[in-house]
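Notes for the structure review
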Amino acid sequence: MKIRKYDNRKAIIYFGIMIFAFFILSSCNSSKKKVENTEVHYSTLELKPVEPDSDNETEYDIIITDIGYDTFLLNQKPKNFYSQQYYENWNKYYVTDWNQKVQTASYHSQKYQNVFDMYIDYNPSINYGLDVNYKLYYYFMFVEKKYGIHFNVPRAINY
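Quick caveat, the model's predicted, so the values are computed rather than measured. Each chain carries its own residue numbering, running from 1 in the written order of its sequence. Local features are withheld for residues below a pLDDT of 70 in this predicted model, meaning they are given only at 70 or higher, and side-chain atom pairs are given and counted only at 80 or more; totals for whole chains, interfaces and linings count all residues. Calculation of side-chain values draws on the structure's entire complement of heavy atoms; hydrogens and water are dropped beforehand.

Quick look at the overall build of the protein now. Tallying secondary structure elements over the protein gives 4 helices and 2 strands in all. Seen in sequence order, the protein has helices and strands lined up from the N terminus as α-β-β-α-α-α. Exposed residues in this analysis have more than 50% of their type's maximum accessible area, buried residues have under 20%, and partly exposed residues fall in between, with area computed by a 1.4 Å probe over protein chains only. For the protein, the proportion of its 159 residues judged to be buried stands at 30%. For the protein, the share of sequence-separated contacts (at least 6 apart) that also reach a separation of at least 24 residues comes to 69%. All accessible-area figures derive from a Shrake-Rupley calculation using a 1.4 Å probe, and residue coverage is judged against the displayed protein chains alone. Total accessible area on the protein stands at roughly 11900 Å², and carbon and sulfur atoms take up 55% of it. Helix numbering and strand numbering both begin at the N terminus, where a helix is a DSSP run of H or I of at least 4 residues and a strand a DSSP run of E of at least 2. Only heavy atoms enter the contact rule, under which two residues are in contact if any of them lie within 4.5 Å.

Put into structure tokens, the structure is as follows:
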């Protein structure tokens, strides 16, 4: 009776072929990428009411998720540097021009495609508070600097 020796070379070749086939099949599958929504929103700006305080006055908060805005805001003057009225007066002009740009087709071109995709629902007769007006004002400064957009606002406001 003869004992057959197991040939290691055949096993290694067989194992190598199996691994090679596995990599070929797995790489073929990766070429079938799932189409995802590639729409990029540069920012989100949301004015939202917060729970009323003890005086039954509604407080507001602003949420801005534009990348780089928080860092930009840290390098600006403190919020008490100007009065709330100062920020409110400027914000009236900036919001009006912003919303006009949202409705203008030329601002939906490739360059500004997703910058002006949201309408800002800012009502000057509502007291949003110093913090919200400060952040909104500097958001417009941030957009001017980051995207090179010029807003049509007066260069000086009388108080």
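The discussion continues.
Residues enter patches when they are more than 30% accessible in relative terms and free of salt bridges; like-charged ones are connected within 9 Å and nonpolar ones (Val, Leu, Ile, Met, Phe, Trp, Tyr) within 5 Å. We count a salt bridge whenever a side-chain nitrogen from Lys or Arg sits within 4 Å of a carboxyl oxygen from Asp or Glu. A grouping of Phe15, Ile19, Phe22 and Phe23 is seen on the molecular surface, where their side chains present a nonpolar patch of about 460 Å² in accessible area. Mapped onto the elements of the fold, Phe22 is located in helix α1 (residues 8-30). We classify Phe22 as exposed; its relative accessible area is 55%.

Take the environment of Pro78 next. For Pro78, the position within the fold is in the loop between α2 (69-74) and α3 (84-103). A C-alpha to C-alpha distance of 9.0 Å links Pro78 and Tyr134, two positions 56 residues apart in sequence. Not counting chain neighbours up to four residues away, the residues in contact with Pro78 comprise Tyr87 and Tyr134.

Turning our attention to the pattern of salt bridges. Pairing between side chains becomes possible if they bear opposite charge and their charged atoms approach one another. By the definition in use, this model includes 4 salt bridges. Measuring nitrogen to oxygen at the nearest pair gives 3.1 Å for the salt bridge that ties Asp66 to Lys146. Taken together, the residues span a long stretch of sequence, with Asp66 in the loop between β2 (59-64) and α2 and Lys146 in helix α4 (residues 130-147) at a distance of 80 residues. On the basis of relative accessible area, Asp66 is assigned to the buried category, the value being 4%. Residue classification places Lys146 among the partly exposed positions, given a relative accessible area of 39%. Between Lys135 and Asp131 there is a salt bridge, with its nearest N and O atoms 3.4 Å apart. Pair noted here: Lys135 and Asp131 are both in helix α4, with a separation of 4 residues, about one helical turn. Via salt bridges that share partners, Lys79, Asp131 and Lys135 belong to a single interconnected network.

Along the chain, pLDDT gives the predictor's confidence residue by residue, from 0 to 100. Within the protein, residue pLDDT values average 78, and 74% of them lie at 70 or more. The least confident element of the protein, judged by mean pLDDT, is α1 at 72; the most confident is α2 at 94. Across residues 30-42, confidence stays below pLDDT 50; counting only partners more than four residues off in sequence or on other chains, it has 10 contacts.

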